[in-house]
Amino acid sequence: MPAPFKLAPLPWDEDALAPTISANTISFHYHKHHQTYVDTLNKLVEGSKFAGMKLEEIVQATFKSNDAKEKTLFNNAGQVWNHDFYWRSLTPAKTEPSGELNSAIAAAFGSKDALIAQLADAGKTQFGSGWAWLVMKDGKLAIEKTPNAETPMAVGTNCLLTVDVWEHAYYLDYQNARPKYLEAVLGKILNWEFASENMSKKAVRAAAE
Ligand code: MN
């Protein structure tokens, strides 16, 4: 869906992930941070050559641009996409990997615990702000990390799950203890059904489905 972009609704109540992530954190993160990315994106897109483009197309078209305005556009478009993907990567529903996803996890990592250990390590070692990802690359599951607003989707990689490791994602609940936030989120509220859905989709997902 092209501009103006809207803040997509959260897939659960704001207090649904507590105590892993408090309602207070979700409220600030969603209504302040995510909303600001959406508003800034809309201002930057208005009247530009990007006005008729879908969110994914803007992210891919501005990734690695040398133009200052396009870099800012990338940062905001990337953050809108990443946050929408992050909310859907989390659930209070206590899901488990099944079927094709379960087989792919066994093939690539040996076990779900080994996958989680690698995803946690990616999140811990991302220096400064960024994201840790479970992706599907060359027909195989893999772990990636990206700085700031970057996303594997920018180069067409199929994303399955993400975890936000910007300080605003955990500071109110865990202060500086990013590893504790990662341990809790990865162990308790990852949405494995969302990962399965993404596995069967094309490389680039449509934001407004
Ligand atoms: Mn965030």
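Cut-offs applied
- Residues numbered from 1 in each chain as written.
- Predicted model: local features only at pLDDT ≥ 70, side-chain atom pairs only at ≥ 80, totals over all residues.
- Heavy atoms only, no water.
- Donors = N, O, S within 2.8 Å, 3.2 Å for Na, K, Ca; no water.
- Helix = DSSP H or I, 4+ residues; strand = E, 2+ residues; numbered from the N terminus.
- Buried < 20%, exposed > 50% of the residue type's maximum accessible area, 1.4 Å probe, protein only.
- Arc of directions from axis to C-beta.
- Contact = heavy atoms within 4.5 Å.
- Axes fitted to C-alpha atoms, helices over the stretch in contact; angles between N-to-C directions.
- Parallel < 35°, antiparallel > 145°, perpendicular 65-115°, else oblique.
- Left-handed = near helix turned anticlockwise from the far one by under 90°.
- Pairing = 2+ DSSP bridges.
- Domains from an automatic or database assignment.
- Buried area = accessible area lost by both parts, 1.4 Å probe.
- Polar contact = N/O pair within 3.5 Å; in protein donor to acceptor, adjacent residues only side chain to side chain.
- Nonpolar A, V, L, I, M, F, W, Y, C, P; charged D, E, K, R; others polar.

## Points about the coordination of the manganese ion
- Protein ligation of the manganese ion involves His 29 (NE2), His 83 (NE2), Asp 164 (OD) and His 168 (NE2), the donor distances falling in the range 2.0 to 2.1 Å.
- If you list the donors of the manganese ion from N- to C-terminus, the spacing comes out as H-x53-H-x80-D-x3-H. In this pair, His 29 sits in helix α1 (residues 23-45) while Asp 164 sits in strand β3 (residues 158-164), placing the two residues 135 residues apart along the sequence. As far as the burial class goes, His 29 and Asp 164 line up, both buried.

## Focus: helix α4 (residues 99-109)
- Among the residues making up α4, those that are buried are Leu 101, Ala 104, Ile 105 and Phe 109. Buried residues along α4 cover an arc of 105 degrees about the axis, so they all sit on one side. In α4, the exposed positions that point more than 90 degrees away from the buried face belong to Glu 100 and Ala 107.
- For α4, the elements touching its buried residues are α5 (112-125), β1 (130-137), β2 (140-147), β3 and α8 (192-199).
- The first or second residue beyond α4 is Gly 110, which carries a positive phi of 95 degrees.

## With respect to the packing of helix α2 (residues 55-62) against helix α3 (residues 68-89)
- As a packed pair, α2 and α3 sit with axes 9 Å apart at the nearest point and diverge in direction by 140 degrees. In terms of orientation, α2 lies oblique with respect to α3. Helix-helix and strand crossings are classified by hand; for α2 and α3 the assignment is left-handed. Between α2, through Leu 55, Glu 56, Ile 58, Val 59 and Thr 62, and α3, the contact on the second element is made entirely by Glu 70, Leu 73, Phe 74, Ala 77, Gly 78, Val 80 and Trp 81.

## Description of the sheet that holds β3
- Taken in spatial order, the three strands of this open sheet run β2-β1-β3, and their pairing is antiparallel. Two strands lie at the open edges of the sheet, namely β2 and β3, each paired on one side alone. The mean inter-strand angle of the sheet, taken between neighbouring strand axes irrespective of direction, is 25 degrees.
- Sheet analysis places β1 next to β2, joined by eight bridges and oriented antiparallel.

## Side note on the domain arrangement of the chain
- As assigned here, the chain comprises domain 1 (23-89) and domain 2 (99-199).
- Between the C-alpha centres of domain 1 and domain 2 there is a distance of 20 Å.
- Contact between domain 1 and domain 2 buries roughly 2,000 Å² in total, counting both sides, with carbon and sulfur atoms accounting for 66%.
- For the domain 1 face of the interface with domain 2, the top three residues by lost area are Phe 85, Tyr 86 and Ser 89, together amounting to 28%.
- Seen at the junction of domain 1 and domain 2, the total is 14 residue pairs in polar contact (both at pLDDT 80 or more).
- Counting residues per element, the ones that place at least two in the side of domain 1 that touches domain 2 are α1, α2 and α3.
- Here the element with the most residues in the side of domain 1 that touches domain 2 is α3; it accounts for 11 residues.
- Its residues assigned to classes, the side of domain 1 that touches domain 2 shows eight nonpolar, 11 polar and three charged.

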